[in-house]
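A look at the structure
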Amino acid sequence: MVVAGQGAHVHVPFVRQQRRHVFWPILGAVVASGCVVGVVGMAVSEISGGTMVGATMLALLPVMLLVSTFLWLDRWEPEPGWNLLFAFLWGAGVATLGAILINSAVGVTYGPMASAVVSAPLVEEALKGSFLVGMLWWNRQQLDGVVDGVVYAGMIAAGFAYVENIFYLGRAFEIDPSEGWFTFILRGVVSPFAHPLFTVFTGLAVGIAAHRRDALSRLIVPLLGYALAVALHALWNGAAVWDDGEAFFSIYALVMVPLFLGMIVLAAWQRRRERRIVQDYLPRFAAAGWIGWNEVPWLASMSGRFRWRRSVQARAGSRAARAVREYQTVVTELAFLSDRISRGMVGHHAPQWYAQVMHELAVARAEAFGAPGVVVPAAPRRTTLRGAHPGPPSR
């Protein structure tokens, strides 16, 4: 674990540092939004207005399920909302527009088979994965591990699938309503997880690479993840076009469903691992005086955190509950960062990142406990944590 003195001597101009990192994300979000507008304009030129509205509403149903799933996975240390929105817009705008332009050119030049089986997997996974690689190289502090990589990959893929489904559904409904409903069942009910499943391999690799200090690993590991994403994507697209789609449902049952279930198991295991990290570090933080001993059992589980926020909301209102939620998130972020530093996974950025999170913890704690009526409730049912020893309460 990192002790308080490790980052205390490092002067970090926090506000200036935050401003320096704001320009590029905002510019990227603006560009991504512009690409979304361009894609919508292309769709409107091909599909009638009424069909466009209907296709948009139908495409929204599976994407709501996907986004909810990845937000649930991200509950221990929620990623910044603007980052998640940027990831979604990147998938819906930049990746989709680039894929349409390149795949269309390949289709015209080499035929639809080359476009579906070769160009689409290579181009689409590269465009979706570029956001993740960008985070790895320029915003690695946000990637605490595999779960974060999966969450960002899922949001990008959800944005891409949303816009792509609008195109597919709109074109199918323009041909025949029965064709449109068949397309919706196939893409929105049977296989809504297809694009996230492909891109999650890149996300997994980026999450693993974020724990590597050497630049070579941060280059090779994402390339391996990208290769797996491309191979799976090509297999999926190929099954839909080879032999008039005869192999599609076989590939779906024998490859896609087991991989999807495997990803669920991996995600659940990683969430339990994150919980163990938090539970291991909470007593250490309390012993150091950074949090109160009476907060430890409330911070040790998602249900405890929720009950604490609900108690604060009842006594002090929604704004105070949001402040407590932010404080809970920063405590988790400090636990994850301390774990990474203790295993030598951060490198020369460690003092700077540590000082920044400690600053965020002080600010979040002051805001959480500064609101009138905010107290730590009486201890919930007994929670056994390694190294936990009662101490003075925080309030």
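Below is a summary of the structure that appears in this document. Source: prediction; values computed, not measured.

Quick look at the nonpolar core
Counting residues in hydrophobic clusters, the biggest one holds 64 residues, and the most contacted among them are F131, Y152 and M256. The dominant element in this core, judged by the number of residues it contributes, is helix α7 (residues 146-175), at 15 residues. Not counting chain neighbours up to four residues away, the residues in contact with M256 comprise F193, L197, F198, L232, W236 and I251. One finds V324, I341, W353 and A371 within the second-largest nonpolar core, a separate group that totals 41 residues.

Re the packing of helix α9 (residues 194-209) against helix α10 (residues 215-241)
Contact geometry for α9 and α10: axes closest at 8 Å, N-to-C directions at 170 degrees. Our classification of the angle between α9 and α10 gives roughly antiparallel. Seen from above, α9 lies across α10 with right-handed handedness. Of the residues in α10, those in contact with A194, H195, L197, F198, F201, T202, A205, V206, I208 and A209 of α9 are S217, R218, V221, P222, G225, Y226, L228, A229, L232, H233 and W236. Among the residues making up the contact of α9 with α10, the classes are represented as 15 nonpolar, 5 polar and 1 charged.

Examining empty space enclosed by the protein
On inspection of all chains with the given rule, the structure shows 5 cavities of 30 Å³ or more. Reported here for the largest cavity is a volume of approximately 100 Å³. What lines the largest cavity is a set of 14 residues, and nearest its centre among them are D144, G145, H211, R273 and E274. Among the secondary structure elements, those contributing two or more residues to the lining of the largest cavity are α7, α11 (248-288) and α14 (318-342). Tallying contributions element by element places α11 first for the lining of the largest cavity, with 4 residues. Looking at the lining of the largest cavity, its residues break down into 4 nonpolar, 3 polar and 7 charged.

Basis of the calculations
- Residues numbered from 1 in each chain as written.
- Predicted model: local features only at pLDDT ≥ 70, side-chain atom pairs only at ≥ 80, totals over all residues.
- Heavy atoms only, no water.
- Core = buried A, V, L, I, M, F, W, Y, C linked by side-chain atoms within 4.5 Å.
- Buried < 20%, exposed > 50% of the residue type's maximum accessible area, 1.4 Å probe, protein only.
- Helix = DSSP H or I, 4+ residues; strand = E, 2+ residues; numbered from the N terminus.
- Contact = heavy atoms within 4.5 Å.
- Axes fitted to C-alpha atoms, helices over the stretch in contact; angles between N-to-C directions.
- Parallel < 35°, antiparallel > 145°, perpendicular 65-115°, else oblique.
- Left-handed = near helix turned anticlockwise from the far one by under 90°.
- Nonpolar A, V, L, I, M, F, W, Y, C, P; charged D, E, K, R; others polar.
- 1 Å grid on protein atoms, 1.4 Å probe; cavity = no way out; pocket = protein on both sides within 12 Å on 5 of 7 lines; lining within 4 Å.
- Points joined across faces, edges and corners; volume = space filled by probe spheres on them.

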